[in-house]
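Architecture at a glance
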Amino acid sequence: MTDPRDATTSGDGGDPTRLPTATVRTRVTVPLRFGDGYTVTTDLVTFHGLADGQEHLAVVLGEMSADRPPLVRLHSECLTGDVFGSARCDCGPQLREAVERIADQGGVLLYLRQEGRGIGLYNKLDAYALQDQGLDTYEANAALGLPEDARDYTAAAQMLRALGINSLDLLSNNPDKAAQLRALGLAVTHDVPTGVFTTAHNVRYLRAKVVHTHHTLPLTELTAG
């Protein structure tokens, strides 16, 4: 697949005509309840024609307004963090935070089937074992012969287009997400940082994100508590 970051971009994004068209398959209303008691009603949307053939999901939250761009998060699936509450990453708290913030502003959370930054669950757990031996999250991927980050956001851009979203505020600390969306023709109006969710087990992981891939996390806050 062509890397969207290779596209020529302008301030308003790349050429939208190069993006394959996806269409809405199903839209269904589902009430959500989180472990801390927070509840919200959402529409879950599935799609036809996604470039990578994966079963990605759009979670539509709140009321979108014509007066400002919707708030959007591209959230990569994390079974260990999202479902089991693993303290080795910050994925679960980011998911919980994003749902409420998007519901307040109006927008979409794209739940993308990209476990382990695209390397899959088994490989991610293999990488965890290497991290226990002293490697950081990116070094562990490299030691397994895998890319630091294998994620491609073409399908995410297709999903947003299918929902009629061409301009958005992006809730993320990862500059690559905004860069890829812009290269794929989306206008990212504002880069909105997430919170910083540290545990005694994930500080080294978060610091590696800052050092290796320039995530916009304040290093001064990344100390074990």
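Residues numbered from 1 in each chain as written. Predicted model: local features only at pLDDT ≥ 70, side-chain atom pairs only at ≥ 80, totals over all residues. Heavy atoms only, no water.

On to the confidence of the model for the protein, then. Across the protein, the average pLDDT comes to 87, with 83% of residues at or above 70. Predicted confidence for residues 1-14 stays below pLDDT 50, and this span has 30 contacts to residues more than four positions away or in other chains. (pLDDT = per-residue confidence, 0-100. Contact = heavy atoms within 4.5 Å.)

Applying the stated criterion across every chain, the model contains one aromatic pair. Measuring from centroid to centroid gives 6.1 Å for Phe34 and Tyr38, while their planes differ by 40°, and the two rings are tilted. When its relative accessible area of 16% is taken as the criterion, Tyr38 is described as buried. For Arg96, the ring lying beneath its charged end belongs to Phe34, and the centroid distance is 5.7 Å. (Phe/Tyr/Trp six-rings, centres within 6.5 Å; stacked < 30°, edge-to-face > 60°. Buried < 20%, exposed > 50% of the residue type's maximum accessible area, 1.4 Å probe, protein only. Lys NZ or Arg CZ within 6 Å of the ring centre and 35° of its normal.)

Now for unusual backbone geometry. Although it is not a glycine, Arg117 sits at a positive phi angle of roughly 55°. Assignment of secondary structure puts Arg117 in helix 3 (residues 115-118). (Helix = DSSP H or I, 4+ residues; strand = E, 2+ residues; numbered from the N terminus.)

Below, the discussion takes up the environment of Val203. Following the sequence through the fold, Val203 ends up in helix 8 (residues 203-213). It is 8.5 Å that separates the C-alpha atoms of Val203 and Cys89, two residues lying 114 residues apart in sequence.

In this section: the layout of surface pockets. Approximately 200 Å³ is the volume found for the largest pocket. Leu32, Arg33, Phe34, Leu44, Leu57, Val59, Leu95, Val99, Leu109 and Tyr111 together form the lining of the largest pocket. Elements that contribute at least two residues to the lining of the largest pocket include exactly strand 1 (23-33), strand 3 (57-61), helix 2 (91-105) and strand 5 (107-112). Here the residues of the lining of the largest pocket are counted per class, giving nine nonpolar, no polar and one charged. (1 Å grid on protein atoms, 1.4 Å probe; cavity = no way out; pocket = protein on both sides within 12 Å on 5 of 7 lines; lining within 4 Å. Points joined across faces, edges and corners; volume = space filled by probe spheres on them. Nonpolar A, V, L, I, M, F, W, Y, C, P; charged D, E, K, R; others polar.)

Burial runs high along strand 5: six of the six residues are buried. In strand 5, alternate side chains face the same way, and those of Gly107, Leu109 and Tyr111 on one face and Val108, Leu110 and Leu112 on the other are all buried. Relative to strand 5, strand 3 runs antiparallel, the two being bridged by five bridges. Across the sheet, residue Ala58 finds its bridge partner in strand 5, namely Leu110. (Pairing = 2+ DSSP bridges.)

Now for helix 6 (residues 154-162). Taking burial as the measure, the nine residues of helix 6 include seven buried ones, the bulk of the element. Thr154, Ala155, Ala156, Ala157, Gln158, Met159 and Leu160 are the residues of helix 6 that are buried. Its buried side turned inward, helix 6 meets strand 2 (39-48), strand 3, strand 4 (71-76), strand 5, strand 6 (167-171) and helix 7 (175-183). With its phi angle positive at about 80°, Gly164 sits one or two positions after the end of helix 6.

Looking now at the pattern of salt bridges. With the rule as written, the count across this model stands at nine salt bridges. Note that Asp36 is salt-bridged to Arg96, the shortest N-O span being 2.8 Å. Linking Asp36 in the loop between strand 1 and strand 2 with Arg96 in helix 2, this pair joins segments that are 60 residues apart in sequence. Across the salt bridge formed by Arg151 and Asp149, the nearest N and O atoms sit 2.7 Å from each other. One salt-bridge network, in which partners are shared between bridges, spans Asp36, Arg96 and Glu100. (Salt bridge = Lys/Arg side-chain N within 4 Å of Asp/Glu carboxyl O.)

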